[in-house]
Amino acid sequence: MLSVKANLIIALAIGAIISAVLLALEPVTDYAFLSWEWVGISAAYLFWGATGGSTFVGIAICWVVNALTYGLGAFAILIVLSALRRQASSTT
């Protein structure tokens, strides 16, 4: 059984990969997946506009917020799967 810390690390890695793929697909496909990136883009506009920072900082904020968003979703799924696996092993 994986611990909660291990599940959190795995989930954040999954979120980081999803966020990186979303940000990399936009210039390659010339199509923005704004419905999937909306949380990160909103945070980037809010903080980047408030600080007047560079574009690089805005992209970094977008990537981090999307990674956390998708990571927390993956964390919830991993916790549910872990609980189901634990319940299945205790009943047999």
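That block above? That's the structure.
The rules behind these values
Residues numbered from 1 in each chain as written. Predicted model: local features only at pLDDT ≥ 70, side-chain atom pairs only at ≥ 80, totals over all residues. Heavy atoms only, no water. Helix = DSSP H or I, 4+ residues; strand = E, 2+ residues; numbered from the N terminus. Buried < 20%, exposed > 50% of the residue type's maximum accessible area, 1.4 Å probe, protein only. Contact = heavy atoms within 4.5 Å. Areas by Shrake-Rupley, 256 points an atom, 1.4 Å probe, with all protein chains shown as cover. Polar contact = N/O pair within 3.5 Å; in protein donor to acceptor, adjacent residues only side chain to side chain. Patch = residues over 30% accessible without salt bridge, like charges linked within 9 Å, V, L, I, M, F, W, Y side chains within 5 Å. Salt bridge = Lys/Arg side-chain N within 4 Å of Asp/Glu carboxyl O. Expected span 1.5 Å × (residues − 1). Axes fitted to C-alpha atoms, helices over the stretch in contact; angles between N-to-C directions. Parallel < 35°, antiparallel > 145°, perpendicular 65-115°, else oblique. Left-handed = near helix turned anticlockwise from the far one by under 90°. Nonpolar A, V, L, I, M, F, W, Y, C, P; charged D, E, K, R; others polar.

Caption draft 1: Region of the structure containing the overall build of the protein chain. The secondary structure content of the protein chain amounts to 3 helices and 0 strands. Along its sequence from the N terminus, the protein chain presents helices and strands in the succession α-α-α. Looking at the protein chain as a whole, 20% of its 92 residues are labelled buried. Contacts in the protein chain between residues far apart in sequence, at least 24 positions, make up 67% of those at least 6 positions apart. If you sum the accessible surface of the protein chain, you get close to 6,200 Å²; carbon and sulfur atoms cover 77% of it.

Caption draft 2: Expanded view of the side chain of S19. Note on placement: S19 falls in helix α1 (residues 4–29). The buried category is assigned to S19, whose relative accessible area is 0%. Polar side-chain contacts of S19 include one of 2.9 Å to the backbone oxygen of W63. Not counting residues within four places of it along the chain, the set of residues in contact with S19 comprises C62, W63, N66 and A67.

Caption draft 3: A nonpolar patch on the surface, seen in detail. Side chains of L8, L12, W63, V64, L68 and L72 sit close together on the surface and give an oily, nonpolar patch of about 490 Å² of accessible area. Sorting the residues of the nonpolar patch by element identifies α1 and α3 (55–91) as the ones contributing at least two each. Broken down by element, the nonpolar patch gets its largest block of residues, 4 residues, from α3. For W63, the location among the structural elements is in helix α3.

Caption draft 4: Expanded view of α1. Taking 1.5 Å per residue, 26 residues should reach 38 Å; α1 reaches 37 Å between its end C-alpha atoms and fits that length. The set of residues buried in α1 consists of N7, A11, G15, A16, S19 and L22. Backbone geometry just after α1 places D30 at a positive phi near 60 degrees.

Caption draft 5: Structural view of the packing of α1 against α3. At a minimum axis separation of 6 Å, α1 and α3 run at an interaxial angle of 135 degrees. By the criterion of interaxial angle, the relationship of α1 to α3 is oblique. Taken as a pair, α1 and α3 cross one another with a handedness that is right-handed. Here the residues of the contact of α1 with α3 are counted per class, giving 21 nonpolar, 6 polar and no charged.

Caption draft 6: Spotlight on the environment of A20. Note that A20 resides in helix α1. Note on A20: relative accessible area 35%, which makes it partly exposed. Between the C-alpha atoms of A20 and W63, which are 43 residues apart in sequence, the distance is 6.8 Å.

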